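Here is what each chain is made of, one letter per residue.
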Amino acid sequence: MSAAISMPIPRASTPPITRDVLKDDVPLAVDLLSDILQHSVFDADELQRERTVILQEIGQALDTPDDVIFDNFQECAYPDQGLGRPVLGQAESSGRSSVAPSPIT
């Protein structure tokens, strides 16, 4: 099977997108996505690396005036709603979540 799976970060949701799956391979693609969603393993070191990447992306967004203006506009247009918050989140909250190491199976 050959396929491409990506996780775009739109403002309204974060759906996994599966593209280029041959008709005969759809059951396998659904099985793979189900496994990813139901049995994900989060390595603590990998999460820390991802936090670093996210903080860099937040910094880049804050250095881009049109991103700052758009986020401010969204915050004014949609107060106290998900659409009013930055997609990347806040730097202050990036280290709040913790995950216990998953056993290797």
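Since the model is a prediction, treat every value here as computed from it, not as a measurement. (Residues numbered from 1 in each chain as written. Predicted model: local features only at pLDDT ≥ 70, side-chain atom pairs only at ≥ 80, totals over all residues. Heavy atoms only, no water.)

### Some details on the overall build of the chain
Looking only at helices and strands, the chain has 3 helices and 2 strands in total. Element order for the chain, N to C, with α for helix and β for strand: β-β-α-α-α. Residues classed as buried in the chain amount to 9% of the 105 residues present. As presented, the chain carries roughly 8,400 Å² of accessible surface, and 57% of it is formed by carbon and sulfur atoms. (Helix = DSSP H or I, 4+ residues; strand = E, 2+ residues; numbered from the N terminus. Buried < 20%, exposed > 50% of the residue type's maximum accessible area, 1.4 Å probe, protein only. Areas by Shrake-Rupley, 256 points an atom, 1.4 Å probe, with all protein chains shown as cover.)

### Some details on the layout of surface pockets
Empty space within the second largest pocket amounts to approximately 420 Å³. Lining the second largest pocket we find 22 residues, and of these Asp67, Asp71, Pro86, Val87 and Gly89 sit closest to its centre. Going through the elements one at a time, α2 (44–62) and α3 (65–77) are the ones with two or more residues in the lining of the second largest pocket. No other element matches the 6 residues that α3 contributes to the lining of the second largest pocket. Residue composition of the lining of the second largest pocket, grouped by class: 11 nonpolar, 5 polar and 6 charged. (1 Å grid on protein atoms, 1.4 Å probe; cavity = no way out; pocket = protein on both sides within 12 Å on 5 of 7 lines; lining within 4 Å. Points joined across faces, edges and corners; volume = space filled by probe spheres on them. Nonpolar A, V, L, I, M, F, W, Y, C, P; charged D, E, K, R; others polar.)

### Observations concerning the confidence of the model for the chain
With 71% of its residues at a pLDDT of 70 or more, the chain shows a mean pLDDT of 79. Strand β1 (residues 4–6) is the least confidently modelled element of the chain, averaging 58 in pLDDT, while α3 averages 93, the highest of any element. (pLDDT = per-residue confidence, 0-100.)

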